[in-house]
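Spelled out from the first residue to the last, the chains are:
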Amino acid sequence: MLEFPLWKKIWLWGLTLLAAAAAVPSLLVTSGVEISEDWSLPQVNLGLDLAGGSHLLLEADPEDIAKAFLENLEENVERELDNADIEYGDMSRSDGKLSFMLDSAADIDKARGALEVTMQGEGLTRAWDLRVFDTQRVVLEQTSGGVDQEVDQTMETATEVVRKRIDELGTREPTIIQQGDTRIVVQVPGLEDPEALKELLGQTAQLEFKMVDDDALPENVAAGIAPTGSQIFPYSSDDPETPGQPVAVERLGGIRGDSLTGAQSGKDPQTNEDVVNIQFDQQGGQKFADLSTKNVGKRFAIILDGEVLSTPFFREPILGGQAQISGSFDADSASNLAISLRSGALPVELEVVEERTVSAELGADSIRKGMIAMLIGSLAVIALMIATYGRFGIYATVALTFNVLILLGLMATGNFTLTLPGIAGFVLTVGAAVDANVLINERIREERKRGRKVVAAVENGYKEASRAIYDANITNLIAGVLLFWFGSGPIRGFAVVLVIGLATTVFTALVLTRMWAAGWLGSKRPTDINI
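The rules behind the values
Starting afresh in each chain, residues are numbered from 1 along the sequence in its written order. The model is predicted, so local features are restricted to residues of pLDDT at least 70 and side-chain atom pairs to those at 80 or more, both for listing and for counting; the totals for chains, interfaces and linings are taken over all residues. The side-chain quantities take in all heavy atoms of the structure and omit both hydrogens and water. Strands are runs of DSSP state E lasting at least 2 residues, helices are runs of H or I lasting at least 4, and numbering of each runs from the N terminus. Multiplying one less than the number of residues by 1.5 Å gives the expected span of a helix. Patch definition: residues above 30% relative accessible area lacking any salt bridge, with like charges linked at up to 9 Å and the nonpolar side chains Val, Leu, Ile, Met, Phe, Trp and Tyr linked at up to 5 Å. Each accessible area is a Shrake-Rupley estimate made with a 1.4 Å probe; only the visible protein chains count as cover when residues are assessed. Basic side-chain nitrogens of Lys or Arg form a salt bridge, by our definition, when they fall within 4 Å of a carboxyl oxygen of Asp or Glu. We count Lys and Arg on the positive side and Asp and Glu on the negative side, and we leave His and both chain ends out. Charge positions are represented by NZ for Lys, CZ for Arg, CG for Asp and CD for Glu. Residues belong to one nonpolar core when they are buried, are Ala, Val, Leu, Ile, Met, Phe, Trp, Tyr or Cys, and are joined through side-chain atoms within 4.5 Å. The cut-offs for exposure are 20% and 50% of the maximum accessible area for each residue type, with area from a 1.4 Å probe on protein chains only; residues under the lower value are buried, those over the upper are exposed, and the others partly exposed. Contact definition: two residues touch when any of their heavy atoms are within 4.5 Å. Only C-alpha atoms enter the line fits that serve as axes; for helices the fit covers just the stretch in contact. Angles between N-to-C directions range over 0 to 180 degrees. Put simply, a crossing is left-handed when the front helix is turned counterclockwise from the back one by less than a right angle, and right-handed when it is turned clockwise. Residue type decides the class: Asp, Glu, Lys and Arg count as charged, Ala, Val, Leu, Ile, Met, Phe, Trp, Tyr, Cys and Pro as nonpolar, and the leftover types, Gly among them, as polar.

Novice: Looking at this model, I keep getting lost on helix H13 (residues 391–413). Mind explaining?
Specialist: Because each turn of an α-helix spans 3.6 residues, side chains separated by three or four positions in sequence point in the same direction. Between its first and last C-alpha atoms H13 spans 33 Å; for 23 residues at 1.5 Å apiece the expected length is 33 Å, and the two agree. Positioned one or two residues after H13, asparagine 415 has a phi angle of 60°, which is positive.

Below, the structure written as structure tokens:
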């Protein structure tokens, strides 16, 4: 066990120094030294409790999810019935149910077959129950399993959209996790202005293009009375006290924003107004081309989150799959809308139910106190180890230093986030490393008391102690993996440091110190050791 050829020594020293060097940028930044942004050096990301930043708790209303699901169902039902050439009428939504009247009772089985796919959820879950009343009225009602499945899918999609939007801000290591059934926790380190974050996440960015119903009487629209086949949307206004005139648009035949492939803020070259330029995918571009070709000279409405932004004219067919959204934008609002459209529409509106801002000064104070605690503890341990074990205590001290540096370097290279509980994990790693070295040195001492020679005592000491060290660290590894798997936020931060620290402890205590001890024994050939 004490044989270390030259190639092995070079490899171990190279690995150790390389991993330790990766920790240098993080140590410099923590010490207040500024590093040029042109240097792409790995650094440990600091969590919200250390770097400061914004914390938001978002919540969705399950009733909004059910309402949106019912609206989508209506569109799907209309499409399937039209494709099956089934005549129907009197379609309405109320109390979570969708009902419509068939023109002929003979079409009941045909309608049931056409809607079978729409009624089915994922897997074996049935999302909707179909019932027939008075031989011709069909009523679709959502099942409890369908409700649960839709809530899960909606929140999963909303969490992913929130993650994409925050990634567009360029922040490092945000935390976006779902909490419970309808809540999302958002933590963005380094961002101390929650208002900008709330504005970005509060916009569902559901974009639609619908034709304006020019046949609707202005007085009826102003009174909220929509013609058959149309619906009324309010006109967007910067001043809530002076809202614009509502607009009647055709319910069917429009285009949704889910066909977008890109969105960028810019300036209109003719009016110099802030606008958002959008690009459709092939299918959406073809739909937009058909819509504009059939309605040249007519107005269409650009609707965002249930409000009409503008009602321009189709002056000519738009065939390139590109369009421009204009409205009461400034540079910031146009940029935020472009980010929202690029990342996708939120499937449901999210309300901020809790917000918290952590100042950078508080985080710096936490780092300073954590470092002081670790430094005091480490110095006390170092003094005790050297006083107790002499040369082997020095080996343990150097290994302990490399242990911390390698741990920090691996976290920087892996782009992990360090939180306040993570600093506690560092301190625990120091304790585990000390335990490992104590086991080794005490075992060597026992072997010498039994009369073994120096080389045999050291070799057996490492061999016997390694079993206890591996057993203890495997137990801690299982605990760390479970904490990471089932925990969230700070708990996972602690688990990451714990798991990586276990690996670095085994490496430094069992490999590095053994290599140094073997080198000393091979060169000095001592007849006795003071341990």
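Novice: So what exactly am I meant to see when it comes to a negative patch on the surface here?
Specialist: There is a patch of like negative charges on the surface, built from Asp61, Glu63, Asp64, Glu349 and Glu351. Within the secondary structure, glutamate 351 sits in strand E18 (residues 350–358).

Novice: Would you mind showing me how to read the nonpolar core here?
Specialist: As a rule of thumb, nonpolar side chains are buried together in soluble globular proteins. The biggest cluster of nonpolar side chains holds 37 residues, and the ones touching the most others in it are Phe392, Ile440, Ile444, Val458, Tyr462, Trp516 and Ile529. Residue assignment for this core shows that the elements contributing at least two residues are helix H1 (6–21), helix H12 (360–389), H13, helix H14 (420–449), helix H15 (454–486) and helix H16 (490–524). Considering each element in turn, this core owes the most residues, eleven residues, to H16. The contacts of isoleucine 440, once residues within four sequence positions are left out, are Tyr462, Ala465, Ile469, Ala509 and Leu510. Core analysis: the next-biggest nonpolar cluster, separate from the first, contains 23 residues, Ile255, Ile278, Ala323 and Ile325 among them.

Novice: Looking at this model, I keep getting lost on the packing of H13 against H16. Mind explaining?
Specialist: In a packed pair of helices, the relevant descriptors are the angle between the two axes and the axis-to-axis distance. The N-to-C vectors of H13 and H16 enclose an angle of 140°; their axes lie 8 Å apart at closest approach. For the element pair H13 and H16, the recorded crossing hand is right-handed. Seen from H13, the contacting residues are Arg391, Phe392, Tyr395, Ala396, Val398, Ala399, Phe402, Asn403, Ile406, Leu407, Leu410 and Met411; seen from H16, they are Val497, Ile500, Gly501, Thr504, Thr505, Phe507, Thr508, Leu512, Thr513, Trp516, Ala517 and Trp520. Across the contact of H13 with H16, the residue classes tally to 17 nonpolar, six polar and one charged.

Novice: Could you clarify how one ought to interpret the pattern of salt bridges in this entry?
Specialist: Two side chains of opposite charge can pair, provided their charged atoms sit close to one another. Applying the stated rule across the entire model yields twelve salt bridges. The closest approach of N and O atoms between arginine 443 and glutamate 447, which form a salt bridge, is 3.7 Å. Residue arginine 443 and its partner glutamate 447 are located together in helix H14, separated by four residues, close to a single helical turn. Arginine 448 is the partner of aspartate 528 in a salt bridge, and the nearest nitrogen-oxygen pair spans 2.7 Å. Taken together, the positions of aspartate 528 in the segment after H16 and arginine 448 in helix H14 put the pair 80 residues apart, joining distant regions of the chain. What emerges from the salt-bridge pattern is a single network uniting Arg443, Glu446, Glu447, Arg450, Arg452, Glu464 and Arg467.

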